[in-house]
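Remarks on the overall topology
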Amino acid sequence: MSDTNQNRTHEISKQACYLPLNHGIPITIINFVLVFVGTFGNFLIIFAVLNTHKLRNRISNFLILSLAVTDLIVTMCAQPLHATSVTFKTFRHYCVLEIDFAYDIAGNFSVFCSLFHLAAISIDRAMVVTKPHQHQALMRKYGLKTMLFSCWGTAFVFASIRVPFPSTLSLSIALIIISYIIIVLSYVVILYQITREKVKSNDPAAALSSTSNDALMEKRISGTIAIVIFFFSLCWFPLLGFYLSVGKGVIRELGGVKYMWIRTAVLSNSSMNFIVYSFRIVHFRVAYLRTINKILRRPREVFGGSKVAVIGAVSQESKDNYVQELPSRLKVSRAYSDHA
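Predicted model only: the values in this text are computed from it and were never measured.

**Focus on the overall build of the protein chain**
Scanning the protein chain from N- to C-terminus turns up twelve helices and zero strands. Moving toward the C terminus, one meets the helices and strands of the protein chain in the order α-α-α-α-α-α-α-α-α-α-α-α. The proportion of buried residues among the 340 residues of the protein chain is 42%. A separation of at least 24 residues holds for 81% of the contacts in the protein chain among residues at least 6 apart in sequence. For the protein chain, the accessible area works out to roughly 19100 Å², and carbon and sulfur atoms hold 68% of it.

**Points about the UniProt feature "transmembrane region" (unreviewed entry) in the protein chain**
The positions that UniProt labels "transmembrane region" (unreviewed entry) are, in the present scheme, residues 29-50, 62-81, 101-121, 142-163, 169-192, 225-246 and 266-288. Taken as a whole, residues 101-121 contains 100% helix and 0% strand, while its terminal C-alpha atoms sit 30 Å from one another. Between the C-alpha atoms that bound residues 225-246 the distance is 31 Å, and the span itself is 100% helix and 0% strand.

**Here we look at helix H10 (residues 256-268)**
Between the first and last C-alpha of H10 there are 18 Å, a value that for 13 residues agrees with the 18 Å anticipated at 1.5 Å per step. Among the residues making up H10, those that are buried are Gly-256, Tyr-259, Met-260, Ile-262, Arg-263, Thr-264, Val-266, Leu-267 and Ser-268.

**Comments concerning the nonpolar core**
Ranked by size, the top nonpolar core spans 73 residues in total, and within it Ile-45, Phe-112, Ile-176, Trp-236, Tyr-277, Phe-284 and Tyr-288 carry the most contacts. Broken down by element, this core gets its largest block of residues, 15 residues, from helix H5 (residues 97-130). Leave out the neighbours within four places in its chain, and Ile-176 touches Phe-112, Leu-115, Trp-236, Leu-240 and Tyr-243.

**Quick look at the state of the cysteines**
By the definition in use, this model includes one disulfide. The thiol sulfur of Cys-151 is not disulfide-bonded, and the nearest other cysteine sulfur, from Cys-113, lies at 6.2 Å. Relative accessible area serves as the criterion here: at 3%, Cys-151 is assigned to the buried category.

**Quick word on the environment of Arg-220**
Within the secondary structure, Arg-220 is located in helix H9 (residues 213-246). On the basis of relative accessible area, Arg-220 is assigned to the partly exposed category, the value being 38%. Spatially, the C-alpha atoms of Arg-220 and Ile-281 are 7.7 Å apart, while their sequence positions differ by 61 residues. With sequence-adjacent residues up to four places away left out, Arg-220 is seen in contact with Phe-279 and Arg-280.

**Side note on the pattern of salt bridges**
Scanning all chains against the criterion turns up one salt bridge. As a salt-bridge pair, Arg-125 and Asp-124 come within 3.3 Å of each other at their nearest N and O atoms. Note on accessibility: Arg-125 and Asp-124 belong to one class, buried.

**Observations concerning the packing of H5 against H10**
A packed helix pair is summarised by two numbers, namely the angle formed by the two axes and the spacing between the axes. Following both chains from N to C, one finds H5 and H10 inclined at 50°, their axes separated by 11 Å at the closest point. Overall, the two elements H5 and H10 adopt an arrangement that is oblique. Considering only the axes of H5 and H10, their crossing is left-handed. Along its contact with H5, which presents Tyr-103, Asp-104 and Val-111, the element H10 presents Arg-263, Val-266 and Leu-267. Broken down by class, the residue content of the contact of H5 with H10 amounts to four nonpolar, no polar and two charged.

**As for unusual backbone geometry**
Look at His-93: it is not a glycine, yet its phi comes out positive at around 60°. Turning to its location among the elements, His-93 is positioned in the loop between helix H4 (61-91) and H5. According to the relative accessible area criterion, His-93 is partly exposed, its value standing at 43%.

**Here we look at empty space enclosed by the protein**
Inspection of every chain in the model, using the stated rule, returns two cavities of 30 Å³ or more. The calculated volume of the second largest cavity comes to roughly 40 Å³. In terms of lining, the second largest cavity is formed by Arg-58, Ser-60, Asn-61, Arg-125, His-135, Gln-136, Glu-218 and Ile-221. Elements with a contribution of two residues or more to the lining of the second largest cavity: helix H6 (135-162) and H9. Of the residues that constitute the lining of the second largest cavity, the class distribution is one nonpolar, four polar and three charged.

**Comments concerning the packing of aromatic side chains**
Within this structure, the stated rule accounts for 13 aromatic pairs. Residues Phe-242 and Tyr-259 carry aromatic rings whose centres are separated by 5.1 Å and whose planes lie at 20° to one another, so their mutual orientation is stacked. Here Tyr-259 lies in helix H10 and Phe-242 lies in helix H9, a separation of 17 residues in the sequence. Residue classification places Phe-242 among the buried positions, given a relative accessible area of 12%. Chaining the aromatic ring pairs together yields one cluster made of Phe-112, Phe-116, Phe-158, Phe-232 and Trp-236.

**Thoughts on the side chain of Ser-172**
Looking at the secondary structure, you find Ser-172 in helix H7 (residues 169-200). Apart from residues lying up to four places away in sequence, Ser-172 is in contact with Phe-112, Phe-158, Arg-162 and Tyr-243.

Conventions used here
- Residues numbered from 1 in each chain as written.
- Predicted model: local features only at pLDDT ≥ 70, side-chain atom pairs only at ≥ 80, totals over all residues.
- Heavy atoms only, no water.
- Helix = DSSP H or I, 4+ residues; strand = E, 2+ residues; numbered from the N terminus.
- Buried < 20%, exposed > 50% of the residue type's maximum accessible area, 1.4 Å probe, protein only.
- Contact = heavy atoms within 4.5 Å.
- Areas by Shrake-Rupley, 256 points an atom, 1.4 Å probe, with all protein chains shown as cover.
- UniProt positions renumbered as here; feature names shortened; annotations may be inferred.
- Expected span 1.5 Å × (residues − 1).
- Core = buried A, V, L, I, M, F, W, Y, C linked by side-chain atoms within 4.5 Å.
- Disulfide = S-S within 2.5 Å.
- Salt bridge = Lys/Arg side-chain N within 4 Å of Asp/Glu carboxyl O.
- Axes fitted to C-alpha atoms, helices over the stretch in contact; angles between N-to-C directions.
- Parallel < 35°, antiparallel > 145°, perpendicular 65-115°, else oblique.
- Left-handed = near helix turned anticlockwise from the far one by under 90°.
- Nonpolar A, V, L, I, M, F, W, Y, C, P; charged D, E, K, R; others polar.
- 1 Å grid on protein atoms, 1.4 Å probe; cavity = no way out; pocket = protein on both sides within 12 Å on 5 of 7 lines; lining within 4 Å.
- Points joined across faces, edges and corners; volume = space filled by probe spheres on them.
- Phe/Tyr/Trp six-rings, centres within 6.5 Å; stacked < 30°, edge-to-face > 60°.

As structure tokens, then:
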């Protein structure tokens, strides 16, 4: 019996360290491409919030900024590790345990931290529609700090438990379900409040108030976050289904094609948010273009400056040659005058 279990474990481990080329190559390419796209996009979000007064002035946008930092950890740490691991499994057919362990740390921390941020942002959106006048004061006083501490702190505690004790799969499932319950309840509140405002909009004064620029902007932001959560769910539901079907916690021993694709889907979500913001919120779109223009301005100045420097050097060289040749030119001119 023990020999049978040992052979089965060896077979599972061998399967976990092997990926066929027709799956391994596209998984590797997709992840490495998204490393660059996602890193650039998340830096755009951070620079947009920090350098744009209208974005920086909304306290809720610092939750979006914190989510971008979390996604940056995904695209700069977890995703490159995943792509490297897949590369070894595809072309060398073996597992690099150090890489897989590093991915366990970075991946568990960052992707669950993103999930907790979406739950916090959903609560923030519900607060905006239910307490529009007190929202800014509440968030500035203690709301933002409490949410950020909860998101990052919970992710750190979770990774500290999940990585050393891989059999704690039920903890991952519980946190995913709890986070989604918070998100769903928050948006139920938001939809209820919006419906209630539409009923009240028969009053001209209430209609005028509900269509103010700030109210419309907050509703648009709520819709944008809903789209972000939708894409997040598309990427995460396969992982939740896989967790529920596994029935055991040692995920890293299973590996295989299916899990590598599911892992890629979860990680790829961190490269999508900046695209959603650019399509939905004009302030982000303008800030992106301004940031990209600043990035490109330096190379233009360098190449343009080098051209000016070359022209200046040529002009200076011409002046020096003219000064050196001036005495001989004067002699020729004087001789010509005497001859005349």
